[in-house]
Amino acid sequence: KKLAVFVSGGGSNFRKIHEGCSDGSVNGDVVLLVTNKKDCGGAEYARSNGIPVLVFPKAKRESSDGLSPSELVDVLRKYGVEFVLLAGYLKLIPVELVQAFPKRILNIHPALLPAFGGKGLYGIRVHKAVLESGARYSGPTIHFVDEEYDTGRILAQSAVRVIANDTPEELAKRVLHEEHKLYVEVVAAICEERIKWREDGVPLIQSKE
Ligand code: GRF
């Protein structure tokens, strides 16, 4: 399956997914990297691995020659993209994109949605909120994307213990490690068409028979 990955930062999830495609554990091909930060780590990794990089959206001051949402959709279609994977992408996805790729856009959030999600709760702030709440578990959530932040149908989660005097950084590190594992497993399932939608709209991953 042809994949586009959207990042805004280091792109560690992107790199793990790309490694999975290279070592054969994921039957996918990352054909395009999209980022709003042209010099971020994810974009650097893409360039050094021959993956085309597209900046979207352009920064405010450069927005004159920036792509419109519908032009972005056209580019994704030109590359034959079948699934869009958000991985540390901090901008809201344009409604045109959500509508053009129904049930084909995934995001990973570093907490157990629906808790600890929504606009403004991203990065280290998520882990601070988890620690302040006294929650005993956190962990990554992978969900389909709709027009809002962090509210689409949940596809997969995994639990990470919160240790008594964890710092937000320590919790973030432990959750990120689990994100890498979970996202590669989920993208492998997506590429092998092992996602089934329950009649009540809940997506389920079928294990390999
Ligand atoms: C991760 O915590 C991810 O859950 C969130 O962005 C953070 C950075 O991810 N969406 P990455 O290292 O850029 O993949």
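Anything mentioned here points back to the structure above.
The shown structure was predicted, so the numbers you read here are calculated from the model rather than taken from an experiment.

On to helix α3 (residues 69–78), then. Buried within α3 we find Leu 72, Val 73, Val 75 and Leu 76. Down the axis of α3, the buried side of the element spans an arc of 160 degrees, and every buried residue falls inside it. Of the surrounding secondary structure, the elements contacted by the buried residues of α3 are β1 (2–7), β2 (29–35), β3 (53–55), β4 (83–86) and α4 (95–100). Once α3 ends, the next one or two residues include Gly 80, with phi positive near 70 degrees.

For any pair of aromatic rings, the description rests on two quantities: the centre-to-centre distance and the angle between the ring planes. Summed over the entire model, instances satisfying the criterion amount to 3 aromatic pairs. Arranged with centres 5.2 Å apart and planes meeting at 85 degrees, the rings of Phe 6 and Tyr 89 form a pair that is edge-to-face. You can see Phe 6 sitting in strand β1 and its partner Tyr 89 sitting in the loop between β4 and α4, a full 83 residues away along the chain. Between Phe 14 and Tyr 45 the ring centres are 5.3 Å apart and the planes differ by 85 degrees, which places this aromatic pair in the edge-to-face class. One end of the pair, Phe 14, is in helix α1 (residues 12–23); the other, Tyr 45, is in helix α2 (residues 41–48), and 31 residues separate them in sequence. Residue class for Phe 14 comes out buried when judged on its relative accessible area of 0%. Seen from the ring of Phe 101, Arg 77 lies directly overhead, with NZ or CZ sitting 5.4 Å from the centre. If you follow Arg 104 out to its NZ or CZ, it ends over the ring of Phe 83, 4.7 Å from the centre.

How each quantity is defined
- Residues numbered from 1 in each chain as written.
- Predicted model: local features only at pLDDT ≥ 70, side-chain atom pairs only at ≥ 80, totals over all residues.
- Heavy atoms only, no water.
- Buried < 20%, exposed > 50% of the residue type's maximum accessible area, 1.4 Å probe, protein only.
- Helix = DSSP H or I, 4+ residues; strand = E, 2+ residues; numbered from the N terminus.
- Arc of directions from axis to C-beta.
- Contact = heavy atoms within 4.5 Å.
- Phe/Tyr/Trp six-rings, centres within 6.5 Å; stacked < 30°, edge-to-face > 60°.
- Lys NZ or Arg CZ within 6 Å of the ring centre and 35° of its normal.

Bear in mind that shape data such as this cannot, by itself, settle questions of function.
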